Amino acid sequence: MANFYDDNADLRWYVERGIDWEPIVRLTEYDYQAEDGFKNVPEALEFYTDILNLVGEYSAEAIAPRWKELDEAHPHLVDGEVIEADVTKEIFEGLKEMELHGLCLPRELGGMNAPLLLLQFNNEMVARADVSTCTHVGFHGGMALAALMYSVLEGTTTFTKNPPAIAETRFRQCIEEIISGETWGSMDITEPGAGSDMAALTTRGTQDADGNWTVTGQKIFITSGHGKWHFVIAKTEPDTDDAFAGLKTLSMFLVPAYEIVDGEKKWLATLDGTEVKLGHNASATVSISFEDTPAELIGNRGEGFKYMLLLMNNARVGVGFESLGSMEASYRAAVAYAAERPSMGKTIDKHEMIADLLEEMATDIQATRAMSVRAAWCEELASKARIALDHLEMTDEARAEMERTKKRCERESRHLTPLLKWFGGEKAVEVARRSIQIHGGSGYIKEYQVEKLLRDAMVFPIYEGTSQIQALMAMKDNLLGAVKNPKRFVRTTAQARWKSMSAKDPVERRVAGLRLLSQQTMQFLLTRLTATKVKELRHHSPGEWGTVMQDWDPKRDFALAMLHAERLITILTAAAVAELLWDQQEIDPARREILLNWLERQEPLCRYHHDSITTTGLRLLEKLAGDEQAKAPAQAAK
Ligand SMILES: Cc1cc2nc3c(=O)[nH]c(=O)nc-3n(C[C@H](O)[C@H](O)[C@H](O)COP(=O)(O)OP(=O)(O)OC[C@H]3O[C@@H](n4cnc5c(N)ncnc54)[C@H](O)[C@@H]3O)c2cc1C
């Protein structure tokens, strides 16, 4: 039997050797005090491996062979309801029978209490079979988990102490309906006039005199938005022109789009349509209108962006795993084809340029998996540590250690997530395009699956925050981090410089060299930004200098860094992956070859981007500034 877990040596390496399961299992099992829980890692790992084999086999045998039907599925609207193809219904019936929608929910809520990491691995395997099926899977269990996390965060979930378990939780109905497979959830952010720019959202949340909330507005491009439970982000506070303050005008709501009255479905919102897309065809992408639709406020007013980020961080890591599944499918198709196709006396995989392409594809997959697993591990550990600190009894010493773990994991997950989302999304497209190229004319023909893989992959750099938005986030986080904590920045630079010159192992010197290059690139950008700011002082009296230097406007003062953000993220990613692969080869020397391949490809690329950042861009920035100045009098005259 085909099995997408069993046939993937790199994925199995993480499960069997590369992941430190102990802290994850310990926290998932409430410090091994859960009543029916696993009492140690080997017990838990046996169960996790069974699940991975189950999903690996289901993906390979029940989903992958049906790729053509799924590609032609196109869910569409008839009389206000979305009609899904039989193939989708059958696949989801299978997932429901295996009770996978409750995989990561606690046992006391009817779930299997597996770590979120397992859901991510499953997502990779389902995505390898069909990306759009994977997306819809994520809007089941993932959304039930989000409902639970939100309730824990706002303080409406209560726990028993002995044995530790969840006693009650606010969104129990939503969680139970999703686990049972009866319905699913969605994340409703995008509107016709606002995608990346969330401060421009116009959907409104309104509270009546009795304290009840309703939402009104239209959301578009909503994946799986034909289900019942919608996490809707809406404006509740007065408008402001400031984009950053604008984010504080948003609140998060849980909105049921319909209710069942006397056995009949009664819609409380209106499905306006389903999109016809380039790919991703078995997944319904809907537009939906809310009009005074009853809603439940999550947390406090104005905390919507904070709650959205929690969902979004996990969703972005999820896109990393989806991208991996897509890359595996494209790469494996290319390898199989190249090994069979003869040209000029040998099979094409033996021609130098094709061999080079294939090797680079494999290395990019390994790099994406290194970041995906680490980001997912850190994100899960940080959020579980947060819950444990609030609800588990522990000694002062254990509490202090847990606090340190939480902070370290939060910082690392925050650093890695945009890098992963950016790299995974961009590379999934590149790997799919190369797979078509390796297939030659056959790659362009629908009969072969690879053109579908490219169409499906094209969404990764767009949804859950575009590649450009990831690059901006990484740039701002890193540069502002250096400004806020210059001591740490200087220390990291000094350590990288020292290691790059004096580490015993020449490979370690190269790893440190990439980190040094990333620090030097940031230092260049910071020096330039500060110099521009200092020049501005000429237009102010000395008494105003303090205020000018305090008043950093990212739009105006970060222009050069924004221009080069995608180049900077390339260097940041290269350094982060090199460090992860370095750690891996310390556990298992067989991993050293992956690191060497990575370094060989990334070092020249990073030098090129460093050169571009330090020598180009001013001409375009002057042109943009000129355009703005020309616009200003015209606007003033209006
Ligand atoms: C198949 C699919 C499924 C989706 N599912 C969901 C869903 O479930 N829920 C949901 O809410 N949304 C969903 N979306 C919407 C998706 O998240 C948005 O399309 C995405 O965030 C981009 O927003 P936009 O389309 O408005 O593009 P825009 O924000 O208008 O961006 C257009 C281009 O400009 C760039 N850009 C924008 N601002 C900047 C800037 N400051 N600097 C540099 N470049 C910039 C962007 O990177 C992009 O290249 C989905 C979209 C698709 C295609």
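Worth saying up front: this structure is predicted, and the values here are computed from it rather than measured.

### Overview of the layout of surface pockets
- There is about 810 Å³ of room inside the second largest pocket.
- Lining the second largest pocket are 20 residues, with Thr 532, Arg 556, Ala 559, Leu 621 and Ala 625 sitting closest to its centre.
- Residue assignment for the lining of the second largest pocket shows that the elements contributing at least two residues are α17 (506–536), α19 (554–557), α20 (559–563) and α23 (618–637).
- Of the residues forming the lining of the second largest pocket, the biggest block, eight residues, is contributed by α23.

### Focus on the domain arrangement of the chain
- Looking at the chain, the domain boundaries give domain 1 (1–182), domain 2 (184–302), domain 3 (303–459) and domain 4 (467–538 + 551–620).
- Centre-to-centre separation of domain 3 and domain 4, based on C-alpha positions: 21 Å.
- Counting residues at the interface gives 22 residues for domain 3, matched by 21 residues for domain 4.
- By the criterion of area lost to domain 4, the three top residues of domain 3 are Thr 363, Leu 419 and Trp 422, representing 28% of everything that side buries.
- Counting across the interface, domain 3 meets domain 4 through four salt bridges.

### Describing the pattern of salt bridges
- According to the stated counting rule, one finds 52 salt bridges in the structure shown.
- Its salt-bridge partner being Arg 301, residue Glu 237 comes within 2.9 Å of it at the nearest N-O pair. Pair noted here: Glu 237 is in the loop between β8 (229–235) and α10 (243–246) and Arg 301 is in the loop between β13 (285–298) and α11 (304–340), with a separation of 64 residues, a long-range link.
- Classification of Arg 301 by relative accessible area gives partly exposed; the value is 42%.
- We note a salt bridge from Glu 410 to Arg 386, for which the minimum N-O separation is 3.3 Å. Placement of Glu 410 in helix α13 (residues 396–439) and of Arg 386 in helix α12 (residues 352–391) is noted, with a sequence separation of 24 residues between them.
- A relative accessible area of 26% places Glu 410 in the partly exposed class.
- When its relative accessible area of 23% is taken as the criterion, Arg 386 is described as partly exposed.

### What to know about unusual backbone geometry
- For the bond running from Asn 162 to Pro 163, omega is 0°, close enough to zero to count as cis.
- The topology assignment puts Pro 163 in the loop between β3 (158–161) and β4 (164–168).
- A positive phi angle is found at Glu 464, which is not glycine, with a value near 60°.
- A residue is classified by how much of its surface remains accessible, and Glu 464, at 16% relative accessible area, is buried.

### Topic: the environment of Val 232
- Checked against the element boundaries, Val 232 lands in strand β8.
- Exposure remark for Val 232: the relative accessible area of 0% places this residue in the buried category.
- The spatial distance from the C-alpha of Val 232 to the C-alpha of Ile 298 is 10.0 Å, given a sequence separation of 66 residues.
- When neighbours within four sequence positions are excluded, Val 232 is seen to be in contact with Asp 188, Thr 203, Lys 219, Ser 251, Met 252, Phe 253, Val 255 and Phe 290.

### Considerations on empty space enclosed by the protein
- This model, assessed by the stated rule, comprises two cavities of 30 Å³ or more.
- Each pocket or cavity is described by its volume, and for the largest cavity that value is around 100 Å³.
- Every residue lining the largest cavity is listed: Val 55, Leu 95, Leu 100, His 101, Leu 103, Leu 119, Asn 122, Asn 123, Val 126, Val 137 and Gly 141.
- Considering every element that reaches the lining of the largest cavity, the biggest residue donor is helix α6 (residues 116–129), with four residues.
- Taken together, the residues of the lining of the largest cavity sort by class into seven nonpolar, four polar and no charged.
- Lining the second largest cavity, in full, are Leu 116, Leu 117, Gln 120, Asn 314, Val 317, Ala 376, Glu 379 and Glu 380.
- When grouped by side-chain class, the residues that make up the lining of the second largest cavity number four nonpolar, two polar and two charged.

### What about the site of the ligand?
- Thr 190, Ser 196, Phe 221, Thr 223 and Thr 466 are the nearest of the 16 residues found near the ligand.
- For the ligand, an oxygen atom lies 2.7 Å from a polar atom in the side chain of Thr 466.
- The side chain of Gln 468 places a nitrogen or oxygen atom 2.8 Å from an oxygen atom of the ligand.
- Within the complex, the protein chains bury 63% of what would otherwise be the 970 Å² of accessible surface of the ligand.
- Secondary-structure elements contributing two or more residues to the shell around the ligand are β5 (185–188), β7 (213–223) and α15 (467–484).
- Of all the elements, β7 adds the most residues to the shell around the ligand, at three residues.
- A class-by-class count of the residues in the shell around the ligand yields eight nonpolar, six polar and two charged.

### A look at the packing of helix α8 (residues 141–154) against α11
- Closest axis-to-axis distance for the α8/α11 pair is 11 Å, and the angle between their directions is 140°. When the axis of α8 is compared with that of α11, the two are oblique. Pair α8 / α11 crosses with right-handed handedness. Residues Met 143, Ala 146, Met 149, Tyr 150, Leu 153 and Glu 154 of α8 form the contact with α11, whose own contacting residues are Lys 306, Tyr 307, Met 308, Leu 310 and Leu 311.

### A few points about the environment of Glu 303
- One can find Glu 303 in the loop between β13 and α11.
- C-alpha of Glu 303 to C-alpha of Glu 628: the two residues are 325 residues apart in sequence and 34 Å apart in space.
- A polar side-chain atom of Glu 303 sits 3.0 Å from the main-chain amide nitrogen of Asn 300.

### Focus: helix α3 (residues 41–63)
- With 23 residues, α3 should cover 33 Å at 1.5 Å per step; its first-to-last C-alpha distance of 31 Å lies within 8% of that length.
- If you check which residues of α3 are buried, you get Val 41, Ala 44, Leu 45, Tyr 48, Ile 51, Leu 52, Val 55, Gly 56, Tyr 58, Ser 59, Ala 60 and Ile 63.
- Buried positions along α3 lie against α1 (9–18), α2 (21–28), α4 (67–71), α5 (86–97), α6 and α7 (131–138).
- Near the N-terminus of α3, the side chain that reaches the backbone nitrogen of Glu 43, with its oxygen 2.9 Å away, is that of Asn 40.

### Observations concerning the side chain of Thr 293
- On the secondary structure map, Thr 293 appears in strand β13.
- In this structure Thr 293 comes out as buried when scored by relative accessible area, which is 1%.
- Here Leu 268 takes part through its backbone oxygen, which lies 2.8 Å from a polar atom of the side chain of Thr 293.

### Overview of the nonpolar core
- Of all hydrophobic cores here, the largest spans 171 residues; its most connected members are Trp 21, Leu 103, Phe 121, Tyr 150, Phe 231 and Leu 479.
- Ranked by residues supplied to this core, first place goes to α12 with 17 residues.
- In this structure Tyr 150 touches Phe 171, Phe 231, Met 252, Ile 298, Tyr 307, Met 308, Leu 310 and Leu 311, once residues within four positions along its chain are discounted.
- Ala 234, Val 286, Phe 290 and Leu 297 belong to the second largest nonpolar core, which has 17 residues in total.

### Quick word on the packing of α2 against α3
- It is the contact of α2 with α3, at a shortest axis distance of 10 Å, that shows an interaxial angle of 90°. One element, α2, and the other, α3, form an angle in the roughly perpendicular class. Taken together, the residues of α3 that come into contact with α2 (itself represented by Trp 21, Glu 22 and Val 25) are Val 41, Ala 44, Leu 45 and Tyr 48.
- For the contact of α2 with α3, the class distribution of residues is six nonpolar, no polar and one charged.

Cut-offs applied
- Residues numbered from 1 in each chain as written.
- Predicted model: local features only at pLDDT ≥ 70, side-chain atom pairs only at ≥ 80, totals over all residues.
- Heavy atoms only, no water.
- 1 Å grid on protein atoms, 1.4 Å probe; cavity = no way out; pocket = protein on both sides within 12 Å on 5 of 7 lines; lining within 4 Å.
- Points joined across faces, edges and corners; volume = space filled by probe spheres on them.
- Helix = DSSP H or I, 4+ residues; strand = E, 2+ residues; numbered from the N terminus.
- Domains from an automatic or database assignment.
- Contact = heavy atoms within 4.5 Å.
- Buried area = accessible area lost by both parts, 1.4 Å probe.
- Salt bridge = Lys/Arg side-chain N within 4 Å of Asp/Glu carboxyl O.
- Buried < 20%, exposed > 50% of the residue type's maximum accessible area, 1.4 Å probe, protein only.
- Nonpolar A, V, L, I, M, F, W, Y, C, P; charged D, E, K, R; others polar.
- Near = heavy atom within 4 Å.
- Polar contact = N/O pair within 3.5 Å; in protein donor to acceptor, adjacent residues only side chain to side chain.
- Areas by Shrake-Rupley, 256 points an atom, 1.4 Å probe, with all protein chains shown as cover.
- Axes fitted to C-alpha atoms, helices over the stretch in contact; angles between N-to-C directions.
- Parallel < 35°, antiparallel > 145°, perpendicular 65-115°, else oblique.
- Left-handed = near helix turned anticlockwise from the far one by under 90°.
- Expected span 1.5 Å × (residues − 1).
- Core = buried A, V, L, I, M, F, W, Y, C linked by side-chain atoms within 4.5 Å.

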